[in-house]
Amino acid sequence: MSSQMSFKDFLNGDSVFSHREESELLQAKKKIKDFFLNNIFEINLSKREREVYYLKNKKYLTHTEIAKRLGITRKTSRNILSNANKKILKISKKFQEYKNE
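Residues numbered from 1 in each chain as written. Predicted model: local features only at pLDDT ≥ 70, side-chain atom pairs only at ≥ 80, totals over all residues. Heavy atoms only, no water.

As recorded by an unreviewed UniProt entry, the protein carries the name Sigma-70 family RNA polymerase sigma factor and is attributed to Fusobacterium mortiferum ATCC 9817.

**Student:** Tell me about helix 3 (residues 47-57), and name the residues and values.
**Tutor:** Inspection of helix 3 places E49, V52 and L55 among the buried residues, and these make up the whole buried set. Viewed end-on, helix 3 has its buried residues packed into an arc of 140°, placing them on one side of the element. (Buried < 20%, exposed > 50% of the residue type's maximum accessible area, 1.4 Å probe, protein only. Helix = DSSP H or I, 4+ residues; strand = E, 2+ residues; numbered from the N terminus. Arc of directions from axis to C-beta.)

**Student:** If you had to explain the nonpolar core to someone new, which residues and values would you point to?
**Tutor:** Counting 9 residues, the largest nonpolar core consists of V52, L55, L61, I66, A67, L70, I72, I80 and L81. When residues of this core are traced back to their parent elements, those giving at least two are helix 3, helix 4 (63-70) and helix 5 (74-99). Looking at this core, the element that brings in the most residues is helix 4, giving 3 residues. Residues contacting A67, with those up to four places away along its chain left out, are I72, T73 and R74. Among the nonpolar cores identified, the runner-up in size contains 5 residues, and I43, A84, I88 and I91 belong to it. (Core = buried A, V, L, I, M, F, W, Y, C linked by side-chain atoms within 4.5 Å. Contact = heavy atoms within 4.5 Å.)

**Student:** I'd love a proper account of the side chain of S77, names of residues and values included.
**Tutor:** Assignment of secondary structure puts S77 in helix 5. Those residues in contact with S77 that lie beyond four places of it in its chain are V52, H63, I66 and I72.

**Student:** Can you explain helix 4? Please cite residues and give values.
**Tutor:** Listed in full, the buried residues belonging to helix 4 are H63, I66, A67 and L70. For helix 4, the angular spread of the buried residues around the axis is 100°, confining them to a single face. Turned more than 90 degrees away from the buried face of helix 4, the exposed residues are K68 and R69. Directly beyond the C-terminal end of helix 4, a positive phi value near 70° is found at G71.

**Student:** Which residues make up the environment of I80, and what values go with them?
**Tutor:** Inspection of the secondary structure assignment puts I80 in helix 5. Filtering out sequence-adjacent residues up to four positions away, I80 remains in contact with R48, E49, V52 and I72.

**Student:** Could you give an account of the packing of helix 3 against helix 4, with specific residues and numbers?
**Tutor:** Their axes nearest at 10 Å, the elements helix 3 and helix 4 cross at an angle of 135°. Considering their axes alone, helix 3 and helix 4 lie oblique with respect to each other. Handedness of the crossing formed by helix 3 with helix 4: right-handed. Contacts from R48, E51, V52, L55 and K56 in helix 3 reach H63, I66, R69 and L70 in helix 4. The class makeup of the residues in the contact of helix 3 with helix 4 is 4 nonpolar, 1 polar and 4 charged. (Axes fitted to C-alpha atoms, helices over the stretch in contact; angles between N-to-C directions. Parallel < 35°, antiparallel > 145°, perpendicular 65-115°, else oblique. Left-handed = near helix turned anticlockwise from the far one by under 90°. Nonpolar A, V, L, I, M, F, W, Y, C, P; charged D, E, K, R; others polar.)

**Student:** So, the pattern of salt bridges: which residues are in play, and what are the values?
**Tutor:** Side-chain pairs of opposite charge can arise whenever the charged atoms involved come near each other. Counted according to the given criterion, the structure contains 2 salt bridges. Here R48 makes a salt bridge to E51, at a shortest N to O gap of 3.5 Å. Taken together, the residues R48 and E51, both in helix 3 and 3 residues apart, mark about one turn of the helix. By relative accessible area, which is 32% here, R48 ends up partly exposed. (Salt bridge = Lys/Arg side-chain N within 4 Å of Asp/Glu carboxyl O.)

Here it is in structure tokens:
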């Protein structure tokens, strides 16, 4: 990492990384994103799981709002999201294995 930064710089949101380090971080983020996009089909989310996941995590709707929109109960929305998250966790663990190779 770069030389130490002052507390004032930290509070101002100044970066603690050099331009090179920031570039490396961006490349790492892209690599992670590409991995997940390339392996998203292995997650095998159902259409309903994709819908609920999208509405909850991208549109930031509540389970009550999702239930109304999709014509399901709030509990069903929660259960569907739970199943989707389990599948996504599985691919996340696979990524950890990939990363450690």
